[in-house]
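Structural description and commentary
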Amino acid sequence: MSLAAVVMEEEGRSKLVSQNGVVDLKERNYLGVSDCSSVDSCDSNLPSLCDEKKVNLNLKATELRLGLPGSQSPERDLDFYSTKLDEKPLFPLLPAKDGIQKNVVSGNKRGFADTVDGFSQGKFNGNTGINVMLSPRPVVAQPNTVKEMPSKALQERPCAARGTTGHNHAGAASIAGSQPASKAQVVGWPPIRSFRKNSMATASKNNNDEVDGKPGPTALFVKVSMDGAPYLRKVDLRTYTTYQELSSALEKMFSCFTLGQCGSHGAPGREMMSESKLRDFLHGSEYVLTYEDKDGDWMLVGDVPWEMFIDTCRRLKIMKGSDAIGLAPRAMEKSKSRS
Amino acid sequence: MNYFPDEVIEHVFDYVVSHSDRNSLSLVCKSWYRIERFTRQRVFIGNCYSISPERLVERFPDLKSLTLKGKPHFADFSLVPHGWGGFVYPWIEALAKSKVGLEELRLKRMVVSDESLELLSRSFMNFKSLVLVSCEGFTTDGLAAVAANCRSLRELDLQENEVEDHKGQWLSCFPENCTSLVSLNFACLKGEINIGALERLVARSPNLKSLRLNRSVPVDALQRILMRAPQLMDLGIGSFFHDLNSDAYAKLRTTILKCTSITSLSGFLEVAPFSLAAMYPICQNLTSLNLSYAAGIQGSELIKLIRHCGKLQRLWIMDCIGDKGLGVVATACKDLQELRVFPSAPFGNQGAVTEKGLVAISMGCRKLHSLLYFCHQMTNAALITVAKNCPNFIRFRLCILDATKPDPDTMQPLDEGFGAIVQSCKQLRRLSLSGQLTDQVFLYIGMYAEQLEMLSIAFAGETDKGMLYVLNGCKKLRKLEIRDCPFGDTALLTDIGKYETMRSLWMSSCEVTVGACKTLAKKMPSLNVEIFGEGEQADCYVEDGQRVEKMYLYRTVAGKREDAPEYVWTL
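1. Observations concerning the overall build of chain A
Assigned secondary structure in chain A consists of 13 helices and seven strands. When each of the 339 residues of chain A is scored for burial, the buried share is 47%. Long-range pairs, those at least 24 residues apart, make up 54% of the contacts in chain A between residues at least 6 apart in sequence. Total accessible area computed for chain A in this model is approximately 16,800 Å², and 55% of it derives from carbon and sulfur atoms.

2. Re the overall build of chain B
Secondary structure assignment for chain B yields 20 helices and 23 strands. The buried share of chain B, taken over its 571 residues, is 63%. Within chain B, residue pairs in contact and separated by at least 24 positions form 71% of the contacts whose partners lie at least 6 positions apart.

3. Focus: the sheet that holds strand β6 (residues 298-300) of chain A
Hydrogen bonds between backbone groups are what pair the strands of a sheet, and the pairing can be parallel or antiparallel. Residue and element names in this part refer to chain A. If you walk across this open sheet you meet the five strands as β4-β3-β7-β5-β6, and the pairing is mixed. Two strands bound the open sheet, and with one partner strand each, they are β4 (233-236) and β6. Taking the axes of each pair of neighbouring strands and ignoring which way they run, one obtains an average angle of 35° across the sheet. With four bridges joining them, strand β3 (residues 221-226) and β4 adopt antiparallel strand pairing. Following the sheet pairing, V224 is matched in β4 by R233.

4. Description of the environment of A:K294
All names here are of chain A. Here K294 shows up in the loop between β5 (287-292) and β6. Taking relative accessible area as the criterion, K294 reaches 44% and is therefore assigned partly exposed. Sequence-wise, K294 and T312 are 18 residues apart; in three dimensions their C-alpha atoms are separated by 5.4 Å. At a separation of 3.5 Å, a polar atom in the side chain of K294 contacts the main-chain carbonyl oxygen of D311.

5. Brief notes about the pairing of strand β16 (residues 395-400) of chain B
All names here are of chain B. Among the six residues of β16, five are classified as buried, and the element is accordingly described as predominantly covered. Note on the crossover from strand β15 (residues 370-375) through helix α15 (residues 380-389) to β16: the handedness is right-handed. Two strands pair when backbone bridges link them, and β16 and strand β17 (residues 430-432) are joined in this way by three bridges, in the parallel orientation. Counted as the bridge partner of F396 is L431 from β17. Once you follow β16 into helix α16 (residues 415-424) and on to β17, the crossover reads as right-handed.

6. Points about the nonpolar core
Core analysis: the biggest nonpolar cluster contains 190 residues, and B:L66, B:F268, B:F396, B:I445, B:L492, B:Y499 and B:L505 have the highest contact counts within it. What B:Y499 contacts, discounting residues up to four positions off in sequence, is B:M467, B:L471, B:A491, B:L492, B:L505, B:L520, B:L527, B:L553 and B:R555.

7. Some remarks on the pattern of salt bridges
Oppositely charged side chains can form a pair if their charged atoms are brought close together. Summed over the entire model, instances satisfying the criterion amount to 29 salt bridges over all chains. The partner of B:E36 in a salt bridge is B:R59, and the shortest N-O contact between them spans 4.0 Å. Of the two residues, B:E36 is situated in helix α3 (residues 30-39) and B:R59 in helix α4 (residues 53-59); the sequence distance between them amounts to 23 residues. Looking at B:R59, the relative accessible area reads 23%, which means it is partly exposed. Between B:D62 and B:K64 there is a salt bridge, with the nearest N and O atoms lying 3.5 Å from each other. Accessibility expressed as a relative area gives 24% for B:K64, which makes it partly exposed. Taken together, the shared-partner salt bridges connect A:R193, A:R196, B:D76, B:R109 and B:E160 into one network.

8. Overview of the state of the cysteines
Inspection of the entire model under this criterion finds zero disulfides over all chains. B:C390 takes part in no disulfide bond, and the closest cysteine sulfur, belonging to B:C365, lies 7.5 Å away.

9. Observations concerning α15(B)
Within the sequence span of α15(B), burial applies to B:N380, B:A382, B:L383, B:V386, B:A387 and B:N389. Close packing links the buried residues of α15(B) with α14 (355-364), β16 and α16 of chain B.

10. Thoughts on the environment of B:V441
Residues and elements named next belong to chain B. Note on placement: V441 falls in helix α17 (residues 439-448). The class for V441 is buried, based on a relative accessible area of 1%. Filtering out sequence-adjacent residues up to four positions away, V441 remains in contact with D415 and F418.

11. Let's talk about the environment of B:I35
Residues and elements named next belong to chain B. Assignment of secondary structure puts I35 in helix α3. Residue class for I35 comes out buried when judged on its relative accessible area of 3%. Each C-alpha atom of the pair I35 and I9 lies 7.8 Å from the other, and the pair is 26 residues apart in sequence. In contact with I35, other than residues within four places in its own chain, are D6, I9, E10 and F13.

12. Looking at helix α6 (residues 114-123) of chain B
Given 3.6 residues to a turn, an α-helix orients residues that are three or four positions apart in the same direction. What α6(B) keeps buried is the set B:D114, B:S116, B:L117, B:L119, B:L120 and B:S121. Against the buried residues of α6(B) lie α5 (89-97), β3 (104-108), β4 (129-133), β5 (136-139) and α7 (140-149) of chain B.

13. Some points on the packing of helix α9 (residues 219-228) of chain B against helix α10 (residues 247-257) of chain B
Residue and element names in this part refer to chain B. It is at 9 Å that the axes of α9 and α10 come closest, and there the two elements cross at 25°. Between α9 and α10, the angle falls in the class roughly parallel. Both α9 and α10 take part in a crossing whose hand is left-handed. Between α9 and α10, the residues in contact are V219, D220, L222, Q223, L226 and M227 and A248, K251, L252, T255 and I256, respectively. Tallied by class, residues from the contact of α9 with α10 come to seven nonpolar, two polar and two charged.

14. Quick word on a nonpolar patch on the surface
Together, B:Y3, B:F4, B:V8 and B:V12 make up a nonpolar patch on the protein surface, roughly 470 Å² of accessible area in all. Residue classification places B:V12 among the partly exposed positions, given a relative accessible area of 47%.

15. Focus on the packing of α17(B) against helix α18 (residues 464-473) of chain B
Helix-helix packing: each pair is described by the crossing angle between the helix axes and the interaxial distance. Residue and element names in this part refer to chain B. Remark: α17 packs on α18, axes separated minimally by 8 Å, with the N-to-C direction vectors making an angle of 5°. One element, α17, and the other, α18, form an angle in the roughly parallel class. Across the interface between the two elements, D439, F442, L443, I445 and G446 of α17 pack against K465, G466, Y469, V470 and G473 of α18. Looking at the contact of α17 with α18 residue by residue, the classes come out as five nonpolar, three polar and two charged.

Conventions adopted
Residues numbered from 1 in each chain as written. Chains lettered and ligands numbered in written order. Predicted model: local features only at pLDDT ≥ 70, side-chain atom pairs only at ≥ 80, totals over all residues. Heavy atoms only, no water. Helix = DSSP H or I, 4+ residues; strand = E, 2+ residues; numbered from the N terminus. Buried < 20%, exposed > 50% of the residue type's maximum accessible area, 1.4 Å probe, protein only. Contact = heavy atoms within 4.5 Å. Areas by Shrake-Rupley, 256 points an atom, 1.4 Å probe, with all protein chains shown as cover. Pairing = 2+ DSSP bridges. Axes fitted to C-alpha atoms, helices over the stretch in contact; angles between N-to-C directions. Polar contact = N/O pair within 3.5 Å; in protein donor to acceptor, adjacent residues only side chain to side chain. Right-handed = clockwise from strand over helix to strand, strands pointing away. Core = buried A, V, L, I, M, F, W, Y, C linked by side-chain atoms within 4.5 Å. Salt bridge = Lys/Arg side-chain N within 4 Å of Asp/Glu carboxyl O. Disulfide = S-S within 2.5 Å. Parallel < 35°, antiparallel > 145°, perpendicular 65-115°, else oblique. Left-handed = near helix turned anticlockwise from the far one by under 90°. Nonpolar A, V, L, I, M, F, W, Y, C, P; charged D, E, K, R; others polar. Patch = residues over 30% accessible without salt bridge, like charges linked within 9 Å, V, L, I, M, F, W, Y side chains within 5 Å.

Below, the structure written as structure tokens:
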């Protein structure tokens, strides 16, 4: 059996002993990624590189500090960014804080815990219209989480607050690659004057309402019309990264018109429709998604790369299939002549 | 000792202008102290709690201009709870009582009430200039009082204040015989203003050199205003939103051609896309351009505009300009001295500006001495290059949006990069750090940053040694502000005499305990040591071993302050 195979098989759990004696190998998880990226391997008492880090972890954890054992400080989360060591606390924290801790060990996954954490870090002190995360996720948990904090033992609170800062940092680091728009926020970071922060929020809102097309770097709202619908909608193209996402969002938005259920009108995402009905909506032959480009021509959506599409799209239109006949070939000619 | 009559010495002192020089003069001997205090007209107080208003007035009876700063710097980032302090009323009251002939008042991060503004406007006959930066607590009613009562008002400059808009007619309160305005900046006001009153005011102010409008002034009014004030040198455009095909826009383009004196341009709080071309004719004269509030301008338009601005010395923009755009700046703006790049959304446009943009700037703009740069990432190599290219930095503030991000190329902390900056830039007075940083960077700062006066640290360091390197090494340090760093009691207490040489120290979310703060306060009666949390009662800190959430200490001769709110515990 080759060394590599042993490593893979055993998921880095055991010391590798080759015929030549003890080999000081890096512990790898089953993906072949070095170092202890899995929580379990760090916990086990095994001689390996992981131990070195675990020793460090031990030292830090046993360092005389105030606050709960195992609570994290900012510098510990530095490694996390490089997805090396997953620092799991040696002692489980109080139940209320488990949610907060979770985001550290969850790798790049962003769970609800992250959201909660982000909100609790928002430190709802009344002027945090901006500090509070602007994610569209339901935020019900937030006020309760924060308000609970003062009522806990005073000793915990400063540490918890700072602990969450650290966690948020981990949270922020962990999701840096995935969803930048909804990063967990730390109070007062980045250091921008509140006046400026508030102005940015107002400005992007105003620009979106008044300018059709490209109001600014923060949002790109375009009108979406559908044949036969009584009113138009607007979507922010920057919240999507692929055609699929846009298509699904539009499906949800306009489904009420085709399926005859126009009950509660509201922001996209709130209509409770079954997936299967929606899926057929745009992919079926009945409707075609088109857009008007900078030159004023109506093009079929999907021909050009997403970035190019965002750059040139001025408005969207969901056309009835019968009207759209003949559109596709023309779109291809156009993109050919462009490129 | 004194071979000259007092009048001669006074005359000589007139030539000594800077605050620090005048402070030095007053220390030479008793008679110089006496002469200096009676001739001093401008006083700067960096911390309004360091001295009492009465003492100020007593020492400088001839005071004409007062600059006051209130809240700690981190209040800008919501780290100081509401109601902490920084009230200007006692100052105005004391000045008014003593019959000081105040002419100029400049306030930063202070709480200014309408009552204070009214008292101000009624108490000083010769009052000429009011500058409020990042202040709060007043409404347009207060402004109305200033407009109505200050007969010789020359300057009303409101920068980034939180002003409650009462939809009154404050602009109309400038009397018809007020013709002395030189500078009017109300860009931060959110409400409507009386356009007619504004136009009439501009028409009767022949000395108006600086005018910054708010969002509510439409383009046609702007055009009429520019027609009346071709002598303007500093223009802040509120709304630049219009139909590109309209008459108003066409008229504006023609009018702008006449504005050959404009050297500073800002605002564009609302802007129609592709409309900046109207500004091209004046770009070549611009030395200062602030588009950091112009969310509506796209990177490509920004770049086109900046290509025309060959004389630019100061540039404030948003990161939508991108690294490539900064490359254009580097080519076009060889005289650039100050650059600020702000994030266009609190968490930035992913990848908008990186270390590449900064390196490009450093290669093209060798005169750069002030930088504020929000970016997504930074590398040691880039910082080392920048340090080599621009050794003249006085202010270097780098904010990596992910506060503990290491060098993405090497995964190393940014110690070496910042180390290069402090080593190369021998005149560095202000530094803000970010990114992954160990104690090493503080060792470098302590060793090399000899002129450093202000240091801002966040999420950095490993042990108390970091903070100690700085306290021991930076002899000229005046302000140190630290948040979320693992510095604790040892760091705080090792060199307590140092704090008397500094204006203030801020530490929040660090490892400092109540007990240490108490010890410090006891040993150093000349310091006010304030600890507070997030709006809780001050007596929640009962145990010495408890960690302090926020601590702000500053030297003072005024003793414990009377106006601290309940949650502030002055030890």
